Amino acid sequence: MTDKMSASKSQGMKWWQLTLLGVACTIGTGYFLGSGIAIQMGGVSVLFMFILAAFGTYLVYDVLAKMTGKEPEQGSFQTYAAKAFGRWAGFSSGWVYWCSELLIMGSQLTALSFFTRFWFPRFPMWVFATAYALLGLGVILLGTKVFERAEHIFAIIKVSAIVMFVIIAGAAVFGFLTGTYPPKFPTTKQAFLPKGGVGIWSSFIYAFYAFGGIEIMGIMAARLKRPEEAPKAGNSMIVLLTIIYIASLALALTLIPLSDLQGKESPFQVALGSYQLPFVPHAFNAILIIAGFSTMVASLFAVTTILVSLAQDHNAPAIFAKRTEGKRQMPLPAIGFTTGGITAAVLMALFLPEKLYAYITTAAGIMLLMNWLFILLSSGRLLQLSLWGKIKRYIGMFLILAATTGTAFHPMSRPGFWISCLFIGVIGVVTWGLSFKWKEQLPRKQTGHERLLIQNALQNQSRINLKRRK
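Residues numbered from 1 in each chain as written. Predicted model: local features only at pLDDT ≥ 70, side-chain atom pairs only at ≥ 80, totals over all residues. Heavy atoms only, no water.

1. Topic: the overall build of the protein chain
Along the protein chain, the regular secondary structure elements total 20 helices and zero strands. A burial count over the protein chain gives 54% of its 470 residues as buried. Long-range pairs, those at least 24 residues apart, make up 83% of the contacts in the protein chain with a sequence separation of at least 6. Summed over its atoms, the accessible surface of the protein chain is roughly 21200 Å², and 67% of this surface lies on carbon and sulfur atoms. (Helix = DSSP H or I, 4+ residues; strand = E, 2+ residues; numbered from the N terminus. Buried < 20%, exposed > 50% of the residue type's maximum accessible area, 1.4 Å probe, protein only. Contact = heavy atoms within 4.5 Å. Areas by Shrake-Rupley, 256 points an atom, 1.4 Å probe, with all protein chains shown as cover.)

2. Considering the packing of aromatic side chains
Scanning the entire structure with this criterion turns up 20 aromatic pairs. For the ring pair Phe91 and Trp95, a centre distance of 6.5 Å and an interplane angle of 55° mean the geometry is tilted. With Phe91 and Trp95 both in helix α7 (residues 87-116) and four residues apart, the pair spans about one turn of that helix. Like Phe91, the residue Trp95 is buried in the burial classification. Here Phe120 and Phe123 contribute two aromatic rings whose centre-to-centre distance is 6.0 Å and whose plane-to-plane angle is 85°, an arrangement assigned as edge-to-face. Overall, Phe123 belongs to the partly exposed group, its relative accessible area being 44%. One aromatic cluster is present, built from ring pairs that chain together Phe91, Trp95, Trp98, Phe320 and Phe337. For the cation-ring pair, Arg393 lies above Tyr394, with the distance from its terminal atom to the ring centre recorded as 5.5 Å. (Phe/Tyr/Trp six-rings, centres within 6.5 Å; stacked < 30°, edge-to-face > 60°. Lys NZ or Arg CZ within 6 Å of the ring centre and 35° of its normal.)

3. Focus: helix α18 (residues 387-406)
Compared with the 28 Å implied by 1.5 Å per residue over 20 residues, the 29 Å span of α18 between its first and last C-alpha is a close match. Gly389, Lys392, Arg393, Gly396, Met397, Leu399, Ile400, Ala402, Ala403, Thr404 and Gly406 are the residues of α18 that are buried. (Expected span 1.5 Å × (residues − 1).)

4. So, the packing of helix α2 (residues 15-26) against helix α9 (residues 144-173)
At a closest axis distance of 8 Å, the pairing of α2 and α9 adopts a crossing angle of 70°. Regarding the angle of α2 to α9, the classification is roughly perpendicular. Both α2 and α9 take part in a crossing whose hand is left-handed. Across from Gln17, Leu20, Leu21, Val23, Ala24 and Cys25 in α2, the residues of α9 making contact are Phe147, Glu148, Glu151, His152, Ala155, Lys158 and Val159. (Axes fitted to C-alpha atoms, helices over the stretch in contact; angles between N-to-C directions. Parallel < 35°, antiparallel > 145°, perpendicular 65-115°, else oblique. Left-handed = near helix turned anticlockwise from the far one by under 90°.)

5. Some details on the packing of helix α5 (residues 46-70) against helix α13 (residues 230-255)
Put simply, α5 and α13 touch, their axes get as near as 10 Å, and they point 170° apart. It follows that α5 is roughly antiparallel to α13 by the angle criterion. Listed contacts from α13 to Leu47, Phe50, Ile51, Ala54, Thr57, Tyr58, Tyr61 and Ala65 of α5 are Ala230, Pro231, Gly234, Asn235, Ile238, Thr242, Tyr245, Ile246, Leu249, Ala250 and Leu253. Here the contact of α5 with α13 is composed, by residue class, of 15 nonpolar, four polar and no charged. (Nonpolar A, V, L, I, M, F, W, Y, C, P; charged D, E, K, R; others polar.)

6. Regarding the confidence of the model for the protein chain
Considering every residue of the protein chain, the mean pLDDT works out to 80; 86% of them sit at 70 or more. At the level of individual helices and strands, the protein chain shows its lowest average pLDDT in helix α1 (residues 3-10), which scores 41, and its highest in α18, which scores 92. Under a pLDDT of 50 for its full length, residues 1-10 has, in the predicted model, 16 contacts with residues more than four places off or in other chains. (pLDDT = per-residue confidence, 0-100.)

7. Focus on the pattern of salt bridges
For the structure on display, the rule yields two salt bridges. Lys66 is the partner of Asp62 in a salt bridge, and the nearest nitrogen-oxygen pair spans 3.4 Å. Of the two residues, Asp62 and Lys66 are both situated in helix α5; the distance of four residues between them amounts to about one turn of the helix. Asp62 sits in the buried class, given a relative accessible area of 9%. The exposure class assigned to Lys66 is partly exposed, which follows from its relative accessible area of 39%. With a closest N to O distance of 3.4 Å, Lys392 and Asp62 form a salt bridge. Remark: Asp62 occurs in helix α5 and Lys392 occurs in helix α18; sequence separation between them is 330 residues. (Salt bridge = Lys/Arg side-chain N within 4 Å of Asp/Glu carboxyl O.)

8. What to know about a nonpolar patch on the surface
Together, Phe118, Trp119, Phe120 and Phe123 line one region of the surface with nonpolar side chains, adding up to about 380 Å² of accessible area. The class for Trp119 is partly exposed, based on a relative accessible area of 33%. (Patch = residues over 30% accessible without salt bridge, like charges linked within 9 Å, V, L, I, M, F, W, Y side chains within 5 Å.)

9. Digging into helix α6 (residues 77-85)
At 3.6 residues per turn, the α-helix brings residues three or four places apart onto the same side. Of the residues making up α6, those classed as buried are Phe77, Gln78, Thr79, Tyr80, Ala81 and Ala84. Gly86 sits one or two residues past α6 and shows a positive phi near 115°.

10. Some points on the nonpolar core
Residues Leu18 and Trp372 are the most contacted members of the largest nonpolar core, which totals 148 residues. A per-element tally of this core places helix α15 (residues 280-312) first, with 19 residues. Excluding anything up to four places from it in sequence, Trp372 contacts Thr57, Val60, Phe208, Phe211, Gly212, Ile214, Glu215 and Ile400. (Core = buried A, V, L, I, M, F, W, Y, C linked by side-chain atoms within 4.5 Å.)

11. A closer look at the environment of Thr407
Relative to the elements of secondary structure, Thr407 occurs in the loop between α18 and α19 (414-441). Classification of Thr407 as buried rests on a relative accessible area of 0%. Thr407 has contacts with Ile205, Thr362, Ile366, Ser413, Arg414 and Phe417, leaving out every residue within four places of it along the chain.

Given below as structure tokens:
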């Protein structure tokens, strides 16, 4: 472990702070807006998909936390992939994650623009996307401590928002509030299977996407005072998220008919909009913006950290590992490169405002799950797993493959599937091409004669050193 990591560990976080950070990095537009797309595809059955996704998330984080507790690394999962399978795995895992988080930032900026147009419908989306991107860069430039404190505050706000929705929805269910539709939980076959089995299968990716953030916890777990407490932090976060996700989704499904969901608004906004609450929809919209901005900043922090780690491992240009002098030691070249990616995301928000979110969200979710698959695969080589541990590992791999393959069979998610294939294919070709260069850089195997000469030289040097001591 490096001196920097030792220093950060001595001044590091407690496990509950990491839990809060994980909540902040996870609850975002992937849940508030992506859940609406999932309901369109899978209907009421998405509740079961969210439970399965929570279990799959636990299986992935369980092994990631064990690897972190055993040997904390700044590069987290991409460093473990390299240790398990070689340089090609670390390179491809790191760059797949970098691209997935870049797409996530694009989807978050698009969602933030959707939410902001609730107040300013005449402004083009790219204006809002640009403003939020600049604000996110400002938070990152203030340093890691500011990022952590901001995310802790965001976590409390986001959990409070969901609790507020649950209280209001509960009041409506028990008759204290009256709205456009009488509260009724849908129980018909059409409500459970609006698009058939394919719809449920395709919605699985959005349930998983709502839990995206555990990999950021893996990166930040190296800053824990006691890295062995990483499992406690992650498990607490997953349990908390599962409870509030299922409770709020079930109430949202009770308050509105499925036909009211068009994918461009949060189901929670639609549910609150049917009641005479003049200030609540505006307050909730503001909280949705905070939630989306929080996860966008978390993605920006993650891609910058991974890019620095890739550069330190010589899997990216060395300039990206350079930091400024002083206390903050900001990786300005890495931040600058990521800014170029954000610019591309803003341009996408400009040219593809209507269909971008579903496509980019699907592609980002698939690529994120590919990294989760790498985590499970790496754990098989780096950890001594029990029989039950091995079974859990295979179950996790099955759930991830089920979620990713399901996107290819629905017209709403299929374009995102092909976008992710394009990104993964390009990274695969680059990795294959660089593998020849890496082989050339490996030290040549010594012949027996060369080993004998080296051995004699070492023996002669030992004799000389012995004579000098005498």
